[in-house]
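Residue-level structure breakdown
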Amino acid sequence: MGSEGPSKRPFCNHCSKPLRTCLCSRFTSPPIDNSIAITVLQHNLEKRHPLNSIRIAKLGLRNLSIIPISDVNLRSSLLIRPLDPKHLDFGDLGECRAEEQGEKCRIRWHDECISIGVDRGAKPNMKSVLASPIGKAAISNGFAAKKIQTKQTRRGSSDETEDVEEYEIVIPAGTALLYPGDGAMALEAVDFEVKHLIVLDGTWGKARRMYCENPWLQLMPRLRLDWKSESLYSEVRHEPKAGCLSTIESIMCALKTLQGGEEVKLDELLMLFESMVGDQRRLKDEKFKRMASKP
Ligand SMILES: [Zn+2]
């Protein structure tokens, strides 16, 4: 509210922190050339969170991209296209087959792609896609995924819908998803070369929703961290479970285990994150003291 509101404060364009807590001068080394590319699917509510850790990962890792994701509030459609469809054998699938997965999800097979209609609240199951020739081609040779969101907009007194492309992403072979759950493999047990890592950035509830509403995520191996330490920011940011790491802590842990090398530089980024958390804790204390000292 008033002049203290986040929109009125001067912000640093580079690290997107308020100028008085700008992080830029704390980066002492050039960005790390991470050989495992990182793509962060970032929930759109996460970007402006003062403690969001991806701002540090973005400045500290050369090979990192961010795709903003919003919730499906009406419906969306997803197109999955294998990058190398040459060896597709359709067998008896025919050219087009629709599969009903309840009212909220529709999977349809086409010549060289699959389209999936995902409504709000849908929980698609991609098992049949994984077992299909298109699914197998997508997994072994990579695929492109495009998401179109149908959004409701209010024009004058009437509601209209509008189709908006949210993203188109190319997923090369050798991509894995860092997300715990059934069938997830421990990082230490990975026995294939991970070239590209997808990470979900949001609260646990939002991450779960992103996983459901972007079902191409089910087409890749899932990796999990074995929690050993308490998150650096568990004191300042409420997380539903103890031992949940922030997104940057998860990325650093995965890079250390899978990529090896650059350990000192990776630790430097974690220290930067720690200093950002420290700033937040200090500001919170100061605010509390100010409030307490008011008559
Ligand atoms: Zn800055």
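Residues numbered from 1 in each chain as written. Predicted model: local features only at pLDDT ≥ 70, side-chain atom pairs only at ≥ 80, totals over all residues. Heavy atoms only, no water.

In the nomenclature of an unreviewed UniProt entry, the chain is known as DTW domain-containing protein of Dioscorea alata.

Once that is clear, we can look at the packing of helix α5 (residues 247-258) against helix α6 (residues 263-293). Close contact between α5 and α6 brings their axes to 10 Å; oriented N to C, the two are set at 170°. Viewed along their axes, α5 and α6 adopt a mutual orientation that is roughly antiparallel. Of the residues in α6, those touching α5 at Ile248, Glu249, Met252, Leu255 and Lys256 are Glu263, Leu266, Asp267, Leu269, Leu270 and Phe273. For the contact of α5 with α6, a count of residues per class yields 7 nonpolar, no polar and 4 charged. (Axes fitted to C-alpha atoms, helices over the stretch in contact; angles between N-to-C directions. Helix = DSSP H or I, 4+ residues; strand = E, 2+ residues; numbered from the N terminus. Parallel < 35°, antiparallel > 145°, perpendicular 65-115°, else oblique. Contact = heavy atoms within 4.5 Å. Nonpolar A, V, L, I, M, F, W, Y, C, P; charged D, E, K, R; others polar.)

With that settled, the discussion passes to the pairing of strand β1 (residues 37-43). Of all 7 residues in β1, 7 are buried; the element is thus mostly enclosed. What you see with β1 is no split at all: Ala37, Thr39, Leu41 and His43 on one side and Ile38, Val40 and Gln42 on the other are buried throughout. Pairing geometry for β1 and strand β11 (residues 196-201), over 6 bridges, is parallel. Counterpart to Val40 in the pairing with β11 is Val199. As judged from the 6 bridges shared by β1 and strand β2 (residues 64-69), these two strands associate in the parallel manner. From the neighbouring strand, Val40 faces β2, where its bridge partner is Ile66. What joins β1 to β2 is helix α1 (residues 54-60), and the crossover it makes is right-handed. (Buried < 20%, exposed > 50% of the residue type's maximum accessible area, 1.4 Å probe, protein only. Pairing = 2+ DSSP bridges. Right-handed = clockwise from strand over helix to strand, strands pointing away.)

Attention shifts here to the side chain of Asp119. With respect to the element layout, Asp119 can be found in strand β6 (residues 114-119). The contacts of Asp119, once residues within four sequence positions are left out, are Val72, Leu74, Arg75, Glu103, Lys104 and Arg106.

For the zinc ion, every protein donor is listed as Cys12 (SG), Cys15 (SG), Cys22 (SG) and Cys24 (SG), and the spread of their distances is 2.3 to 2.4 Å. Given 4 donor atoms and angles of 105 to 113° at the metal, the environment of the zinc ion is assigned as tetrahedral. Expressed as a motif, the donor residue spacing for the zinc ion is C-x2-C-x6-C-x1-C. In this pair, Cys12 sits in the segment before β1 while Cys24 sits in the segment before β1, placing the two residues 12 residues apart along the sequence. Classification of Cys12 by relative accessible area gives buried; the value is 12%. For Cys24, a relative accessible area of 23% corresponds to the partly exposed category. (Donors = N, O, S within 2.8 Å, 3.2 Å for Na, K, Ca; no water. Tetrahedral: all angles 85-135°; square planar, octahedral: opposite > 155°, others 65-115°.)

Turning our eyes to something else, we now look at the environment of Pro68. Positionally, Pro68 belongs in strand β2. Residues contacting Pro68, with those up to four places away along its chain left out, are Gln42 and Glu166.

This brings us to the packing of aromatic side chains. With the rule as written, the count across this model stands at 3 aromatic pairs. Ring plane angle 65° and centroid distance 6.4 Å describe the contact between Phe143 and Trp216, whose orientation is recorded as edge-to-face. One end of the pair, Phe143, is in strand β7 (residues 143-155); the other, Trp216, is in the loop between α4 (204-213) and β12 (222-224), and 73 residues separate them in sequence. Accessibility assignment for this pair places Phe143 and Trp216 in one class, buried. With centroids separated by 4.9 Å and ring planes inclined at 25°, the aromatic side chains of Tyr179 and Tyr211 adopt a geometry described as stacked. Here Tyr179 is found in the loop between β9 (175-178) and β10 (185-186), whereas its partner Tyr211 is found in helix α4, with 32 residues between them in sequence. Since its relative accessible area comes to 13%, Tyr211 is described here as buried. Members of the aromatic cluster, joined through ring pairs, are Phe143, Tyr167 and Trp216. (Phe/Tyr/Trp six-rings, centres within 6.5 Å; stacked < 30°, edge-to-face > 60°.)

This part takes up the sheet that holds β11. With parallel pairing, the 6 strands of this open sheet are ordered in space as β2-β1-β11-β9-β12-β10. Where the open sheet ends on each side, the last strands, each with one partner, are β2 and β10. Here β9 pairs with β12 via 2 bridges, running parallel. Paired with Leu177 across the bridge in β12 is Arg222.

Attention now moves to a positive patch on the surface. There is a patch of like positive charges on the surface, built from Arg20, Lys287, Arg290 and Lys294. Topologically, Lys294 is positioned in the segment after α6. Note on Lys294: relative accessible area 61%, which makes it exposed. (Patch = residues over 30% accessible without salt bridge, like charges linked within 9 Å, V, L, I, M, F, W, Y side chains within 5 Å. Areas by Shrake-Rupley, 256 points an atom, 1.4 Å probe, with all protein chains shown as cover. Salt bridge = Lys/Arg side-chain N within 4 Å of Asp/Glu carboxyl O. Lys, Arg positive; Asp, Glu negative; His and termini not counted. Charge placed at Lys NZ, Arg CZ, Asp CG, Glu CD.)

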